[in-house]
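A closer look at the structure
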Amino acid sequence: MTRRRPFRTASIAVVWLWLGLFALLPNLGLLLVTFLERGESDFVSLVFTWDNYARLADPVFVRILGESLWLAAASTLVCLLIGYPFAYAVATARRGLRPWLLLLVVIPFWTNSLIRTYALIIILKSQGIASNVLMALGLVSEPVSFMYGEFAVFTGLTYTLLPFMILPLYASIEKLDKRLLDAAKDLGASSLRAFWHVTLPLTLPGIVAGCMLVFLPSLGCFYIPEILGGAKSMLIGNFIKNQFLVARDWPLGAAASTIMTALLVLMIIGYWLSSRRVALRERKGADTGAATAGRTPDGGHDMTHGADGARRARGRA
Amino acid sequence: MTLRLRTLRTWLVWLVYAFLYVPILVVIVYSFNDARYTTEWKGFTLKWYSALAANGPLVDAALNSLSVATLAATIATVLGTLAAICIRRYRFPGRKVLHGCIYVLTVSPDIVMGISLLIFFIAMGVQLGFWTLLAAHVTLALPFVTVTVLARLAEFDEQLIEAARDLGASEWRAFRHVLLPLAAPAVAAGWLLSFTLSMDDVLVSFFVTGPTFEVLPLRVYSMVRLGVKPDINALSAVMFTLTIVLVLLAQTLTRTRRK
Amino acid sequence: MADQEHIIELRGVTKTFEDTVALDSIDLTIRNGEFLTLLGPSGCGKTTILRLLSGFEQPTAGEVRINGQVVNRVPPEQRQVNTVFQNYALFPHMTVRDNVAFGLKMQGVAADETARRVHDALRMVHLETFADRKPRQLSGGQQQRVAIARAVINNPLVLLLDEPFSALDFKLRKQMQLEIKHLQRQLGITFVFVTHDQEEAFAMSDRVVVMNEGRIEQIGAPKEIYEEPANMYVARFVGDINALPGRIDAVRLDWSAAPGAPLAPPAPGTPEHAALPPDLKPGEHLYDATVGGTVFPVRSPRRLAPGDAVQVLLRPEDLRIDRIAVAETPDWPHLWGRIEESVYKGATVDLVITLDDGQRLMAAEFFNEDDEDINYNPGERVAVSWVDGWEVLLPDDAA
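So, how was this worked out
- Residues numbered from 1 in each chain as written.
- Chains lettered and ligands numbered in written order.
- Predicted model: local features only at pLDDT ≥ 70, side-chain atom pairs only at ≥ 80, totals over all residues.
- Heavy atoms only, no water.
- Helix = DSSP H or I, 4+ residues; strand = E, 2+ residues; numbered from the N terminus.
- Contact = heavy atoms within 4.5 Å.
- Areas by Shrake-Rupley, 256 points an atom, 1.4 Å probe, with all protein chains shown as cover.
- Lys, Arg positive; Asp, Glu negative; His and termini not counted.
- Charge placed at Lys NZ, Arg CZ, Asp CG, Glu CD.
- Pairing = 2+ DSSP bridges.
- Axes fitted to C-alpha atoms, helices over the stretch in contact; angles between N-to-C directions.
- Buried area = accessible area lost by both parts, 1.4 Å probe.
- Salt bridge = Lys/Arg side-chain N within 4 Å of Asp/Glu carboxyl O.
- Polar contact = N/O pair within 3.5 Å; in protein donor to acceptor, adjacent residues only side chain to side chain.
- Nonpolar A, V, L, I, M, F, W, Y, C, P; charged D, E, K, R; others polar.
- Buried < 20%, exposed > 50% of the residue type's maximum accessible area, 1.4 Å probe, protein only.
- Phe/Tyr/Trp six-rings, centres within 6.5 Å; stacked < 30°, edge-to-face > 60°.

1. Some remarks on the overall build of chain B
The helix and strand tally for chain B stands at 11 helices and zero strands. Of the regular secondary structure in chain B, the N- to C-terminal order runs α-α-α-α-α-α-α-α-α-α-α. Once local pairs closer than 6 in sequence are excluded, the contacts in chain B between residues at least 24 apart make up 72%. When the accessible area of chain B is evaluated, it comes to approximately 10,300 Å², of which 68% is carbon and sulfur surface. In chain B, 22 positive and 14 negative side-chain charges are present, and the distance between their average locations comes to 7 Å.

Structure representation (structure tokens):
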């Protein structure tokens, strides 16, 4: 206990110092600002108020919030509906093929999302690829533009964030013991019921992680609406950005951002609950391991249990 | 699985890949198109690439980005690796809090990090520019390095450290000669990831850099907002190629561990 | 260098992990140059002792001395003690040579001397041609040898071996036991060996420490432990045992009686002395004990009084089984029983016998040339007795 361990002490100190200074302190500051009044000369004045939260009830903001939640939820759902069968297909592909199939998801995942958003313009704009294809198929008679509007923003969010859904899903599906499905079928379950009772519950952490990695960024990334949606589209990320850079109303922008943080907390709790359920199921009947438990400091309820992809997932959206 | 289901599956896979890649490939193709405004093919040219090289502010921004990304990735890798080692190997008060903190940071929205750092830097009276951007990017990338290294350390045999110490290595030398070489692929992959994060970040950089220090993503952002331009096509092609190189590099590094 | 007769001393060592007691006030002295084995089931504290010696744990209370020095707070890297780990813990990213050289490198030994010593160490374990391989290119037995070479190259005062054979198959394990034993004689270093396998412990050790639930149950030479277990736990742990409840009827010989007193040992040369069992050891009292209704002569170094309840412990090979013709009665003390099961084992036949009072016994009969037939049939009636003096008497605490 009393032994001096300089390396250990220094490491812990420097890590805590950095995170304390550049993560904890700023976030506390952000929280503080939500309770301050807007300043005249400075950005804020040190007067306590609840007013900023009350101002979020303003119909303009409520409309933006509603629009944001709707778009984010819709893109998350679409990503999940495309991503799950896709991830399942990749995870059950031939073993030698899997790394390559996965690599093809990882590349767009690492690619600058600005560039990818930009690439969509060429597809969606008037006389763009989509329009030309539809004309060639005879579905439309004159060039159409899909740009500037809810649809474009929705497509942009789905397109940019799809890999963020696929990777955690893939990780949890790939980890799934396929013999469990065989066992379920052996016991008389149809494929559908086996999926419903075995696959789905066991891959739930991956689903939640994927949704978290799509839903939250789609609320925040203001450049997709700006590039694809034009002046009409304003989501919560744009609202926050405007408060900070245009309207110079920091407290209001900060208060709006706490909504995102609250959603984050909710999703983390959801993730924690789902992975704990899976972990509990898996632990049943496993050895108690009391002998080694005392020696390796291993937390147990790691947030990304079952979602290896989520660890490296997210990124710049 | 019935034949129909299997066909459906194959179709789905290819459709998703098409969805992911067609836009990018179209951009790359157009970057060689000798036409300014139309989507019609007007012949092969490299002139947009030379225009890119001649674009002074863009090249400056790219160089700025490269220097910030290199530095930020390096610092984040050092700190992130240390954090992973502390979490995995030591028991200390606040260990679980630190662990949780790291994971929350990997999923917390970038825009929140951006504005919280903006408030923090302004409150501290720090001039926005290179240093604030560097600090922000380190903070952005650090948790990802930690998570990457932690994944690698999970399969690390604690007895190896004990063996090293048993053979006379101090804590530091055990780290240097045993832990670090074995974690090296993950550390390198963490560096690459940090580098990409920094090179690509818009949301945090937007708030924490000053007018004196422009970085590539923000420059690209202001260009892209103006619509389709052939030189952006060229830029996209360059950046995409670079990404593929980085991904392949990272993949090779993480692949070796499985052997 | 080792200049103490007792290379390791543990005094009142207690170790607790949170609220479980791993070691409860252990006193243990290890002699310089001996091969000592810590034997016990998993969780008995044997590995904790090893970790206290190597420095990976610190005692909660008490003192650990190595070579006379208290080392409670000395970190592992500063102890002149090396360990062969359970799964060898070879550094996967280093060659065999670099693994073996690691300790010398940490000490800052010059390159040419390192090269020489590594070569010698590898030759000692017959692996000089494998120096440039990586550990994963070696077989389990070869990895084991590298781990040993890597530890002994540092000339430790004590070599600690933590279940080093657990990953090896049976044949290889036997071979490595011999090699390790040979190595220990050759090097003259103290070996502290941890295992849960009593056969392994007996085959290799000068002394065995039997542990249970954080306490030492018995310390002694293998033969002592096997033949004279200090208590029921040790008796059961180190092999199959039969325990027959009995009662002391009379004292026949009492070494603590004053010379000339009725029960005192007779003087050498007298006819009474000649009448004593020839293999009787000084200090062993003679008693009569009733076991299963029959009076047997028994002996024990324990002082017992008439009326004391005892357990008579007998190893399966101590029992004597006689096939008796109907209506005959042997003229030696015996118990009647019936063969329940007979299992052919090659060198022995293992028997399960049910005595008339319902108790089941295990017996092992060795084949030998004089014996015409030891193949018993289930249901056969037999007389059970034992070789006089091979029994162990323990006071029956339960009675």
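Let us keep going from here.
2. Focus: the sheet that holds strand β5 (residues 69–70) of chain C
Residues and elements named next belong to chain C. Taken in spatial order, the four strands of this open sheet run β2-β1-β4-β5, and their pairing is antiparallel. One side of each edge strand has no neighbouring strand; the edge strands of this open sheet are β2 (20–31) and β5. Its contacts with the sheet place helix α1 (residues 46–54) against β1 (6–17), β2 and β4 (61–66), and it is angled at close to 115° to β1.

3. What to know about the sheet that holds strand β18 (residues 360–366) of chain C
Residue and element names in this part refer to chain C. Judged by pairing direction, the sheet is antiparallel, and its five strands sit side by side in the order β15-β19-β16-β17-β18 without closing on themselves. If you trace the sheet from one side to the other, it starts and ends with β15 (319–323) and β18, each paired once. Along the sheet, successive strands turn relative to each other by an average axial angle of 45°, direction set aside. Sheet topology places strand β16 (residues 335–344) next to strand β17 (residues 348–355); seven bridges connect them, and they run antiparallel.

4. Some words on the interface of chain B and chain A
Many descriptions give the size of an interface as the accessible area lost when the pieces come together. Contact with chain B, which involves 98 residues of that partner, is made by 94 residues of chain A. Together chain B and chain A conceal approximately 8,800 Å² of surface at their shared face, both sides included; 77% is due to carbon and sulfur atoms. Scanning the region where chain B abuts chain A turns up zero salt bridges. Run the count over chain B and chain A and you get eight residue pairs in polar contact (both at pLDDT 80 or more). Of all the elements, helix α1 (residues 3–30) of chain B adds the most residues to the side of chain B that touches chain A, at 14 residues. In terms of residue class, the side of chain B that touches chain A is built from 69 nonpolar, 14 polar and 15 charged.

5. Overview of unusual backbone geometry
Residue and element names in this part refer to chain C. Here glutamate 18, not a glycine, exhibits a phi torsion of approximately 45°, which is positive. Within the secondary structure layout, glutamate 18 lies in the loop between β1 and β2. Residue classification places glutamate 18 among the exposed positions, given a relative accessible area of 76%. For serine 25, which is not glycine, the phi dihedral falls at a positive 50°. Along the polypeptide, serine 25 turns up in strand β2. For serine 25, a relative accessible area of 43% puts it in the partly exposed group.

6. Quick notes on the packing of aromatic side chains
Inspection of every chain in the model, using the stated rule, returns 31 aromatic pairs over all chains. With a centroid separation of 6.2 Å and 80° between ring planes, the pair formed by A:Phe244 and B:Phe207 is classed as edge-to-face. Linking A:Phe244 in helix α12 (residues 236–245) with B:Phe207 in helix α9 (residues 203–208), this pair reaches from one chain into another. With respect to class, A:Phe244 is no different from B:Phe207; both count as buried.

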